[in-house]
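Examining the three-dimensional arrangement
Chain residues, written in single-letter form:
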Amino acid sequence: MASSSKDVIDSTEPYEEEEGHSGEDEEEHEQPTASSSSAPASSSKKKKKKSKARAALSKMKAGISSVAIPQEMVDAVMEKVKEEDPQSQVDQAEIIKQMKAMQIMDILAGKKALGARGKKDLGEHKFWSTQPVPQIGEGPPAESGPIEPSVPRDQVRQEAYALPKDFEWVTVDMSNEVQCKEVYELLSANYVEDDDASFRFAYTASFLRWALMPPGYFASWHVGVRVKSSQKLVGFISGVPVKLSIRNQVVDATEINFLCVHKKLRSKRLAPVLIKEVTRRVHLEGVFQAIYTAGVVLPTPVSTCRYYHRTLNLPKLVDVGFTSVPRSSTLARIVRQTKLPDKTTLPGLREMEAKDIPEVETLMNEYMKRFDMIPVFSREEIEHTFLSGKGTEPMINEARRTDQVVWAYVVETDGKITDFFSFYTLPSSVIGNTKGHKMLEAAYLFYYATDAPEANMKKRLYELIGDALIIAKDAKFDVFNALTLMDNWSFLEDHKFGKGDGLLNFYLYNWRTPPLEGHNPLDGGKGVGRGIGVVML
Ligand SMILES: CCCCCCCCCCCCCC(=O)SCCNC(=O)CCNC(=O)[C@H](O)C(C)(C)COP(=O)(O)OP(=O)(O)OC[C@H]1O[C@@H](n2cnc3c(N)ncnc32)[C@H](O)[C@@H]1OP(=O)(O)O
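Residues numbered from 1 in each chain as written. Predicted model: local features only at pLDDT ≥ 70, side-chain atom pairs only at ≥ 80, totals over all residues. Heavy atoms only, no water.

Digging into the domain arrangement of the protein chain
Which entries qualify depends on this criterion: Residue ranges for the domains originate in an automatic or database domain assignment. Whether two residues are in contact is decided by their heavy atoms: any pair within 4.5 Å suffices. Accessible area that two parts lose when put together, evaluated with a 1.4 Å probe and summed over both, is termed the buried area.
For the protein chain, the domain assignment lists domain 1 (128–134 + 148–290) and domain 2 (303–512). The straight-line distance from the C-alpha centre of domain 1 to that of domain 2 is 27 Å. Listed by partner, the interface residues are 33 residues for domain 1 and 35 residues for domain 2. In total, about 3100 Å² of surface goes out of reach between domain 1 and domain 2, with carbon and sulfur atoms giving 62% of it. Area buried by domain 1 at its contact with domain 2 is led by Phe199, Trp210 and Pro215, which between them contribute 23% of it.

Given below as structure tokens:
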């Protein structure tokens, strides 16, 4: 009798990975080291809720929880703080947070300041230690470039990696509605959650189609794993082509995203085999570099950015536990303080149209020179990225069409496009909420550009993002999120974005370059740089 997918999923043993494939991957076969969870902020239930709220979405793809801090180190720091300032209100949770941030910065700086437990705290990395990525403690490279050479197609492993016997590889056809829905369903139930399992990213099917089918995409880079007997999709990873300019070296790369393994198949070493298989398929197309982001700390981030959140619908954010009202204030007061103007303010602001593509391209090419790592968009990519996700009529509300995934606006002054901004939707499902809210509607700041001269740049960006917030509020988003990349640092605080707890790590595969400025968590929110100009979905 054929086993049901439930039986197969429940009984799957940890996967013993193949050894020595094409000399690329000699992972030792051991159980993964369990990552430690972050320390609770407080034992009191109320405080815990508050800490959950602060962490919220920013910790989802952006956790620092995999870095363990020994209790004795926390105690020692606590003692020192009290010694220097007996009135200090700082608590253990804050110390742990700061120490984790310090560790990440040390990794970025290539210092071995990880304490006696060093590498162990970060896990042994049985898989990642075999991959062409900068290893922990290696130190910043003197020069940028590939870690291992590219090889001709006939030297790339031709056969797929072996999977446990009950599973098989599939290439998911994202243009097929049923298959796209299967990916959506896998992710809806199993993708990234925050530490408290309160929210889970809920990318829509139309979003996934938009994200995974840019011009020149390779269907073979949409890799799925199915249970043979039931054909249930239980694993996924995807790549899309991207041309990156990293410190002025242009690299044909792939953007890897949506790595997901069904919850019941976790810790069985399926992720490494998914990563190896997508790598093989990417190599077969002559591409040998990749960019990806993750909340977890792996060897080795090229940069780390922090999330910031701008409240748009405070009562709902409080209801779902995303945020809380400080004791010293009231809901009504904060609503008043964060109220946005009813109408956008910039003359000439309008939705981007196809006719604007050449001017937006010129504007972006010029403006993006400010950052060290940027995407190099072709005209077709600009069209796809900013216009193809516009959705269709009818409108769901006054500023949102059915299936709209991206919002793109330009400022036209005397027939010339002077500015541009965009944001995209990424809702999260609210897990186990008792107040009737199923979804948290979050907008994420995407690309923008302006021709404002440097002296006027800060003011102009402030105005642009102010209007983006108003449009997002009209489209009924609950919160507007942004990272400390591009020039975001210049307007986040002025626009009343709250600093999130979460950090997002940026990684490059098979490319070494000295750390790119993103955000220095030691610097209390200042000291942000202009390293990262790539916005990952
Ligand atoms: C040239 C082309 C190159 C293309 C490839 C470029 C690289 C792309 C890399 C992928 C970029 C993805 C970008 C995104 O999509 S980031 C989003 C990742 N997805 C989620 O967080 C969704 C919820 N979680 C899951 O589905 C699972 O927990 C996943 C699938 C994440 C791990 O499954 P599981 O929990 O069952 O673990 P395991 O026993 O199979 O495997 C354990 C090994 O996997 C390493 N691990 C864990 N999490 C991640 C992670 N997020 N990136 C890279 N590696 C990760 C881990 O360190 C350990 O290796 P090592 O520490 O022992 O060495």
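With respect to the site of the ligand
The cut-off we apply is this: Residues are classed as near a molecule or strand on a simple rule: at least one heavy atom within 4 Å of it. Within 3.5 Å is the distance limit for a polar contact, defined as a pair of N or O atoms, with the added protein rule that one can donate a hydrogen and the other accept it, and that residues adjacent in sequence qualify only through two side-chain atoms. In this description a helix means any DSSP run of H or I spanning at least four residues, a strand means any run of E spanning at least two, and both kinds are numbered starting from the N terminus. Put simply, Ala, Val, Leu, Ile, Met, Phe, Trp, Tyr, Cys and Pro go in the nonpolar bin, Asp, Glu, Lys and Arg in the charged bin, and everything else, Gly too, in the polar bin.
In the region of the ligand, 34 residues are neighbours, and His125, Trp128, Leu259, Ser267 and Ala271 sit closest. Between the ligand and the protein, one listed contact pairs an oxygen atom with a backbone N or O atom of valine 261 at 2.9 Å. Lysine 268 places a main-chain nitrogen or oxygen 3.4 Å from an oxygen atom of the ligand. Counting only elements with at least two residues in the shell around the ligand, the list comes to β5 (249–261), α8 (270–284) and β6 (289–294). Per-element accounting of the shell around the ligand gives the leading share, seven residues, to β5. Among the residues forming the shell around the ligand, the class breakdown is 21 nonpolar, eight polar and five charged.

What to know about the packing of aromatic side chains
Each aromatic ring pair is specified by the distance between its two centres and by the angle formed by the two planes. The line we're drawing: Stacked, tilted and edge-to-face are the three classes assigned to paired rings of Phe, Tyr and Trp, where Trp is represented by its six-membered ring and a pair needs centres within 6.5 Å; plane angles under 30 degrees give stacked, over 60 edge-to-face, the rest tilted. Each residue is placed in one exposure class: buried if its accessible area under a 1.4 Å probe, protein chains only, is under 20% of its type's maximum, exposed if it is over 50%, and partly exposed if it falls in between. Note on criteria: charge over ring means Lys NZ or Arg CZ within 6 Å of the ring centre, with the direction from the centre no more than 35 degrees off the ring normal.
According to the stated counting rule, one finds 31 aromatic pairs in the structure shown. Centroid distance tyrosine 191 to tyrosine 203: 5.9 Å. Interplanar angle 65 degrees. Geometry classified as edge-to-face. In this pair, tyrosine 191 sits in the loop between α6 (177–190) and β2 (199–201) while tyrosine 203 sits in the loop between β2 and α7 (205–212), placing the two residues 12 residues apart along the sequence. The pair formed by tyrosine 191 and tyrosine 203 is uniform in burial state, with each residue classed as buried. Between tyrosine 203 and phenylalanine 207, the aromatic rings sit 5.0 Å apart at their centres with planes inclined by 65 degrees, giving edge-to-face as the arrangement. Sitting over the face of the ring of phenylalanine 477, arginine 400 holds its NZ or CZ atom 4.3 Å from the ring centroid.

Considering helix α12 (residues 379–387)
Looking only at α12, the buried set comprises Glu381, Ile382, His384, Thr385, Phe386 and Leu387. Tucked into the core, α12 has its buried residues touching α7, α11 (357–367), β12 (406–413), β13 (416–425) and β16 (442–450).

A word on the side chain of arginine 306
Note the threshold: Residues scored as positive are Lys and Arg, those scored as negative are Asp and Glu, and His as well as the terminal groups of each chain are ignored. Any carboxyl oxygen of Asp or Glu within 4 Å of a side-chain nitrogen of Lys or Arg constitutes a salt bridge here.
Turning to its location among the elements, arginine 306 is positioned in strand β7 (residues 303–311). Put simply, arginine 306 is tucked away with no salt bridge, and the nearest opposite charge, on aspartate 501, sits 5.1 Å away.

Quick look at the confidence of the model for the protein chain
As a reminder, the rule being used: As a per-residue measure, pLDDT tells how confident the predictor is, with possible values from 0 to 100.
Confidence in the prediction for the protein chain averages 84 pLDDT; 75% of positions are at 70 or higher. Note on residues 19–59: pLDDT under 50 across the span, and 90 contacts to partners over four residues away in sequence or across chains. Low confidence marks residues 61–68, where pLDDT is under 50. Its contacts with residues over four positions away, or in another chain, come to 43 contacts.

Examining the pattern of salt bridges
Under the criterion given, the structure shown has 29 salt bridges. Linking aspartate 451 and lysine 416 is a salt bridge whose minimum nitrogen-to-oxygen distance equals 2.9 Å. Of this pair, aspartate 451 sits in the loop between β16 and α13 (454–474) while lysine 416 sits in strand β13, placing them 35 residues apart in sequence. Using a relative accessible area of 37% as the deciding quantity, one classes aspartate 451 as partly exposed. Taking the shortest distance from any N to any O, the salt bridge between aspartate 419 and arginine 460 comes out at 2.6 Å. Remark: arginine 460 occurs in helix α13 and aspartate 419 occurs in strand β13; sequence separation between them is 41 residues. What makes arginine 460 buried here is its relative accessible area of 18%. Residues participating in the shared-partner salt-bridge network are Arg350, Glu353, Lys355, Asp356 and Glu412.

Points about the sheet that holds strand β14 (residues 428–430)
Which entries qualify depends on this criterion: Following DSSP output, two strands are said to pair if at least two bridges run between them.
Read from one edge of the open sheet, three strands run β2-β14-β15, paired in antiparallel fashion. Two strands bound the open sheet, and with one partner strand each, they are β2 and β15 (439–440). Examined bridge by bridge, β14 and β15 share two bridges and lie antiparallel to one another. Paired with serine 428 across the two strands is leucine 440, which belongs to β15.

Brief notes about the nonpolar core
Spelled out, the test is: As used in this record, nonpolar core signifies buried Ala, Val, Leu, Ile, Met, Phe, Trp, Tyr and Cys residues forming a set joined through side-chain atoms within 4.5 Å.
Counting residues in hydrophobic clusters, the biggest one holds 108 residues, and the most contacted among them are Phe258, Met352, Phe386, Phe420, Phe423, Tyr447 and Phe480. No other element matches the nine residues that α13 contributes to this core. Apart from residues no more than four positions distant in its own chain, tyrosine 447 is found in contact with Met364, Met368, Pro375, Phe377, Phe386, Phe420, Phe421, Ser422, Met486, Gly533, Val534 and Val535. Counting residues in each nonpolar core, the second largest holds 30 residues, with Phe127, Val133, Val234 and Tyr507 among its members.

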